[in-house]
Amino acid sequence: SNTGILLGFGTLTTDNINISDVTVDGTNSQAAGIIGTINTGSSIKNITASNVNITTANRGGIIAGVSLSNIDQCSVDKSTITGLGNGDFGGIVGNMPVGTTVLSNCNVSESKLTAAAGHIGGIIGFASNTISDCTASDVIITGTSANGVGGIVGHGSNFTGTDTYVKKCNVI
């Protein structure tokens, strides 16, 4: 199952969405976030999240647990992600397994990201894609038994035959 505020699983177009003061309990979900899983063909941009708290077992991000489409111009402030299982967790998205997708112009600030195991990153937990022009500032990242912890990416892979590219990103 997929748990989300806007959508659990499917195709979605967003522009100029503001979400604040919300808690998502995805403890029994495969993916959790404002959107659980973003399917191919979606257009995700301009989502602003403040004081959003996500708890999930497998894959979680404040914007999305899993994304199979591009994400652009999203920002997260004063939010938390708590990963309970061995999964992928990130400030913007937990997992982006499609090499042709791009995560760009996104920012995470003053947030706390915690994972019991797996991969955790300030922007993305597990990536097989391009990440550009993103910033993680004043983010506390704790990977208790995680095998991939990073300020931008927790674990980069060529899972789909495409390398992970990180360019013009900052950790402050």
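Residues numbered from 1 in each chain as written. Predicted model: local features only at pLDDT ≥ 70, side-chain atom pairs only at ≥ 80, totals over all residues. Heavy atoms only, no water.

**Q** Can you tell me about the overall build of the protein, naming the residues and giving the values?
**A** Helix and strand counts for the protein come out as zero helices and 21 strands. Along the three orthogonal principal directions, the C-alpha set of the protein runs to about 35 × 35 × 30 Å. Contacts spanning at least 24 positions in sequence make up 80% of the contacts within the protein whose residues lie at least 6 apart. If you sum the accessible surface of the protein, you get close to 6,900 Å²; carbon and sulfur atoms cover 46% of it. (Helix = DSSP H or I, 4+ residues; strand = E, 2+ residues; numbered from the N terminus. Contact = heavy atoms within 4.5 Å. Areas by Shrake-Rupley, 256 points an atom, 1.4 Å probe, with all protein chains shown as cover.)

**Q** Any details on the nonpolar core? Residues and values, ideally.
**A** In terms of nonpolar packing, the biggest core is built from 39 residues, with Ile34, Ile71, Ile92, Leu103, Ile123 and Ile131 touching the most fellow members. When contributions to this core are tallied by element, the ones reaching two or more residues are strand 2 (17–26), strand 3 (31–38), strand 5 (47–56), strand 10 (80–90), strand 11 (93–96), strand 14 (112–121) and strand 15 (124–127). (Core = buried A, V, L, I, M, F, W, Y, C linked by side-chain atoms within 4.5 Å. Buried < 20%, exposed > 50% of the residue type's maximum accessible area, 1.4 Å probe, protein only.)

**Q** Give a description of the pattern of salt bridges that names residues and reports values.
**A** This model, assessed by the stated rule, comprises three salt bridges. Across the salt bridge formed by Arg59 and Asp88, the nearest N and O atoms sit 3.6 Å from each other. Here the residue Arg59 occupies a position in strand 6 (residues 59–61), and Asp88 occupies one in strand 10, the gap between them amounting to 29 residues. The exposure class assigned to Arg59 is partly exposed, which follows from its relative accessible area of 30%. (Salt bridge = Lys/Arg side-chain N within 4 Å of Asp/Glu carboxyl O.)

**Q** Hey, could you go over the side chain of Ser109 for me, with residue numbers and the actual values?
**A** Looking at the secondary structure, you find Ser109 in strand 13 (residues 107–109). A polar side-chain atom of Ser109 sits 2.7 Å from a polar atom in the side chain of Asp77. Not counting residues up to four positions away in its chain, the partners in contact with Ser109 are Val76, Asp77, Lys78, Ser137, Asp138 and Val139. (Polar contact = N/O pair within 3.5 Å; in protein donor to acceptor, adjacent residues only side chain to side chain.)

**Q** Please set out the environment of Phe89 residue by residue, giving values where relevant.
**A** Looking at where Phe89 falls in the secondary structure, it is placed in strand 10. Classification of Phe89 by relative accessible area gives buried; the value is 0%. Along the backbone, Phe89 and Asp77 are 12 residues apart, and their C-alpha atoms lie at a distance of 16 Å.

**Q** Let's hear about the sheet that holds strand 12 (residues 102–104): which residues, and what values?
**A** Paired through their backbone hydrogen bonds, the strands of a sheet run either parallel or antiparallel. The five strands are arranged 4-8-12-16-20 in an open sheet whose pairing can be described as parallel. The sheet is open, and its two edges are formed by strand 4 (44–45) and strand 20 (165–167), each paired on a single side. Strand direction decides the pairing type here: strand 4 and strand 8 (residues 71–72), joined by two bridges, are parallel. Each bridged residue has a counterpart across the sheet, and for Lys45 the counterpart in strand 8 is Asp72. (Pairing = 2+ DSSP bridges.)

**Q** Would you mind going over the environment of Asn46 in detail, with residue names and values included?
**A** Its place among the elements puts Asn46 in the loop between strand 4 and strand 5. Overall, Asn46 belongs to the partly exposed group, its relative accessible area being 22%. Each C-alpha atom, one on Asn46 and one on Asp15, is 5.1 Å from the other, the two residues being 31 residues apart in sequence. For Asn46, the residues in contact, after removing those within four places along its chain, are Asp15, Asn16, Ile17, Asp72, Gln73 and Cys74.

**Q** If you had to explain unusual backbone geometry to someone new, which residues and values would you point to?
**A** In this structure, Asn105 is a non-glycine residue whose phi angle is positive, near 55 degrees. Looking at the secondary structure, you find Asn105 in the loop between strand 12 and strand 13. The residue Lys168 is not glycine, and still its phi comes out positive at about 55 degrees. With respect to the helices, strands and loops of the structure, Lys168 is situated in the loop between strand 20 and strand 21 (170–171).

Don't take any of this as a statement about function, it's just geometry.
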